[in-house]
Amino acid sequence: MNKSCYRLLVYLIIINSFISITNKFYPGFLQIGKILGGLLLINIAIIFKETLKIKDIFFCIFLGIFSGLAILHSVEHSITIEHLMFFISTTSLIWKLCESNVRINLKQVLSNKIKLLNRYVFFIVGLLLIGLIMPSCYKYINGDNLYYGFAESGHKLAGNICFVTALTIFIYQKRKFQLYQVCILGILFMILLMTGSRTYCIPEIILLFVYYKFNIGKLRTKWIITPIILVATVYLIINSNVLERFISMGNNTYVSSNFWEAVSSGRLIWWKIDIQEFAKLSIIEQILGKGFAFVYQINEQFYGLKIGAHNDFLNILLSVGWIGLIGYILIILNLFFKFGRQLFFKNDKSIIMKLSLIAVYILWNANINGFYGAQQYLFSFIILILIFDKN
């Protein structure tokens, strides 16, 4: 099979991450992210063409129905197009990750580009370290001095750090343990904590656990290394912007006088609003949805901020109804069960651990912030699947 489409996918993923991390260097009118998103969709379409199966036709029919419903109810076309691009690229890649031959080809291409990937990791770590001494790379929010680096926001940088971390673990997974590996991963973790992003803290810890399990857990000296790593991790978290932000948001009465509503940055408030407004819709509207702009409209009307649900399942339910939500859930379950079955037939002794981490990795972000709209986080998930795959 021609591997050029897989090589292009790897290049697009790396370029996408690089552009996102260095966002401040480019004028906004260039819309580089959207251009790369379009190229990614074309590349995914080529992979589908090369690996087309009957089941893929049913998947494409679902995407057609999903897109048709979203466009039918479209009020603000920019919002609709953005969500559709993210949803189609994310679900298409998840769908194809179920196929072992796709994973094998992608893993071979990545393995052949190890030197390039290693240089990229060192370059990004160096760039982030340079940013630490630049005042323009910080932003003061709610009493916290958060590190954005050269990215658009702390969340964007944190999602990219998850990707770079996953890439680093992929590079080191078959290499002999060396101290500099822990240093690189430690720097990435430290910088993620400085962004104040609580959402991405859990996935990053999952990735670091995977590295520990497969690279340090088998060492005879692990009893010496493990306590040092644990103490360093706890120290970083206790003295981090993430913990400070957790405390400061919990006491932020501007968001809510209720601690949990405040600490969720208002999510619990607008989730309640979104569910109540969905319940008021007719049965037909609940089945077909009201379009992607609907969530933004009701949150602006009843909460005062024009924002999405920060929850994939609520976002899709209100936008494309039960049809969209059930389809999205089935796509995730398809990956979970098919990959799990493949691990089972390979007698993988870590199958329960791997499937548990995969479930948390998807569902945590899908529920707290959004999975299908976080492209660099999606890329980190793809790398995690490849790390877990024994092929």
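Thresholds, definitions, all that
Residues numbered from 1 in each chain as written. Predicted model: local features only at pLDDT ≥ 70, side-chain atom pairs only at ≥ 80, totals over all residues. Heavy atoms only, no water. Axes fitted to C-alpha atoms, helices over the stretch in contact; angles between N-to-C directions. Helix = DSSP H or I, 4+ residues; strand = E, 2+ residues; numbered from the N terminus. Parallel < 35°, antiparallel > 145°, perpendicular 65-115°, else oblique. Left-handed = near helix turned anticlockwise from the far one by under 90°. Contact = heavy atoms within 4.5 Å. Nonpolar A, V, L, I, M, F, W, Y, C, P; charged D, E, K, R; others polar. pLDDT = per-residue confidence, 0-100. Core = buried A, V, L, I, M, F, W, Y, C linked by side-chain atoms within 4.5 Å. Buried < 20%, exposed > 50% of the residue type's maximum accessible area, 1.4 Å probe, protein only. Salt bridge = Lys/Arg side-chain N within 4 Å of Asp/Glu carboxyl O. Lys, Arg positive; Asp, Glu negative; His and termini not counted. Phe/Tyr/Trp six-rings, centres within 6.5 Å; stacked < 30°, edge-to-face > 60°. Lys NZ or Arg CZ within 6 Å of the ring centre and 35° of its normal. Pairing = 2+ DSSP bridges. Expected span 1.5 Å × (residues − 1). Disulfide = S-S within 2.5 Å. Patch = residues over 30% accessible without salt bridge, like charges linked within 9 Å, V, L, I, M, F, W, Y side chains within 5 Å. Areas by Shrake-Rupley, 256 points an atom, 1.4 Å probe, with all protein chains shown as cover. Charge placed at Lys NZ, Arg CZ, Asp CG, Glu CD.

As a further point, take the packing of helix H3 (residues 54-72) against helix H4 (residues 77-97). Viewed as axis vectors pointing N to C, H3 and H4 meet at an angle of 165°, and their least axial separation amounts to 11 Å. When the axes of H3 and H4 are compared, the pair comes out roughly antiparallel. The way H3 lies across H4 gives a crossing that is right-handed. Residue-level inspection shows Lys 55, Asp 56, Phe 59, Phe 62, Leu 63, Phe 66, Ser 67, Ala 70 and Ile 71 of H3 in contact with H4, the latter providing Thr 80, Leu 84, Phe 87, Ile 88, Thr 91, Ser 92, Trp 95 and Lys 96. Partitioning the contact of H3 with H4 into residue classes produces 10 nonpolar, four polar and three charged.

Here we come to the confidence of the model for the protein. Predicted confidence across the protein gives a mean pLDDT of 89, with 93% of residues reaching 70 or more. Taken element by element, the protein is modelled with least confidence in helix H11 (residues 241-250), mean pLDDT 61, and with most confidence in helix H18 (residues 375-388), mean pLDDT 96.

Before going further, it helps to examine the nonpolar core. Within soluble globular proteins, side chains that are nonpolar tend to cluster in buried spots. Ranked by internal contacts, the top residues of the largest apolar core, which has 114 residues, are Leu 128, Phe 163, Phe 371 and Phe 381. The residues touching Leu 128, leaving out its near neighbours within four places in the chain, are Ile 21, Tyr 147, Leu 157, Ile 161, Leu 188 and Ile 191.

Once that is clear, we can look at the pattern of salt bridges. Applying the stated rule across the entire model yields nine salt bridges. Glu 99 is the partner of Lys 53 in a salt bridge, and the nearest nitrogen-oxygen pair spans 3.2 Å. Here Glu 99 lies in the loop between H4 and helix H5 (100-112) and Lys 53 lies in the loop between helix H2 (32-50) and H3, a separation of 46 residues in the sequence. In this structure Glu 99 comes out as buried when scored by relative accessible area, which is 5%. With a shortest N-O distance of 2.6 Å, Asp 348 and Lys 354 are connected by a salt bridge. Each member of the pair, Asp 348 as well as Lys 354, carries the same accessibility label: buried.

With respect to the helices and strands, the residue Lys 338 is situated in helix H16 (residues 312-345). Put simply, Lys 338 is tucked away with no salt bridge, and the nearest opposite charge, on Glu 99, sits 7.1 Å away.

Glancing now at the packing of aromatic side chains. Under the counting rule described, the total for this entry stands at 26 aromatic pairs. Between Phe 371 and Tyr 377, the aromatic rings sit 5.9 Å apart at their centres with planes inclined by 85°, giving edge-to-face as the arrangement. You can call Tyr 377 buried: its relative accessible area is 0%. Connected via pairs of aromatic rings, a cluster forms that spans Phe 62, Phe 66, Phe 87, Phe 292, Phe 313, Tyr 328 and Tyr 372. Cation over ring: Lys 96 sits above Phe 48, and NZ or CZ is 4.9 Å from the ring centre. Lying over the aromatic face of Phe 294, Lys 290 brings its terminal NZ or CZ to 5.7 Å of the ring centre.

In the sheet, strand E1 (residues 138-141) pairs with strand E2 (residues 144-147) via four bridges, with the strands oriented antiparallel. The partner of Ile 141 across the bridge, within E2, is Asp 144. Hairpin remark: E1 followed by E2, antiparallel, with two residues in the connecting loop; positive phi at Asn 142, about 50°.

On to unusual backbone geometry. Outside of glycine, negative phi angles account for most residues, and trans bonds account for most peptide bonds. Phi at Gln 31 takes a positive value of approximately 50°, unusual for a residue other than glycine. Within the secondary structure, Gln 31 sits in the loop between helix H1 (4-21) and H2. For Asn 347, which is not glycine, the phi torsion reads 55° and is therefore positive. Here Asn 347 shows up in the loop between H16 and helix H17 (351-368).

This next bit is on H18. Under the 1.5 Å per step criterion, the end-to-end length of H18 is 20 Å for 14 residues, consistent within 8% with the ideal 20 Å. The element H18 is extensively covered by neighbouring structure, given that 14 of its 14 residues are classed as buried.

Orientation of helix H7 (residues 154-172) relative to H18, taken along the N-to-C sense of each, is 20°, at an axis distance of 7 Å. The angle between H7 and H18 places the two elements in the roughly parallel class. Where H7 crosses over H18, the two elements pack in a sense that is left-handed. Residue-level contacts link Gly 159, Asn 160, Cys 162, Phe 163, Ala 166, Leu 167, Ile 169 and Phe 170 of H7 to Gln 376, Tyr 377, Phe 379, Ser 380, Ile 383, Leu 386 and Ile 387 of H18. In the contact of H7 with H18, the residues fall into 11 nonpolar, four polar and no charged.

Glancing now at the state of the cysteines. Applying the stated rule across the entire model yields zero disulfides. Distance from the sulfur of Cys 5, which forms no disulfide, to the nearest cysteine sulfur (Cys 60) is 15 Å. The closest cysteine sulfur to the non-disulfide-bonded Cys 183 is located on Cys 201, 20 Å from its own sulfur. Exposure remark for Cys 183: the relative accessible area of 43% places this residue in the partly exposed category.

Time to look at the environment of Leu 106. Tracing the sequence through the fold places Leu 106 in helix H5. Residues Leu 106 and Glu 277 lie 171 residues apart in sequence; the distance between their C-alpha atoms is 43 Å. In this view, Leu 106 contacts Tyr 6, Leu 9, Val 10, Ile 382 and Leu 386; residues no more than four positions away in its chain are not counted.

The subject of this paragraph is a positive patch on the surface. On the surface, a cluster of positive charge is contributed by Lys 213, Lys 218, Lys 349 and Lys 390. Along the chain, the position of Lys 213 falls in helix H9 (residues 201-216). For Lys 213, a relative accessible area of 36% corresponds to the partly exposed category.

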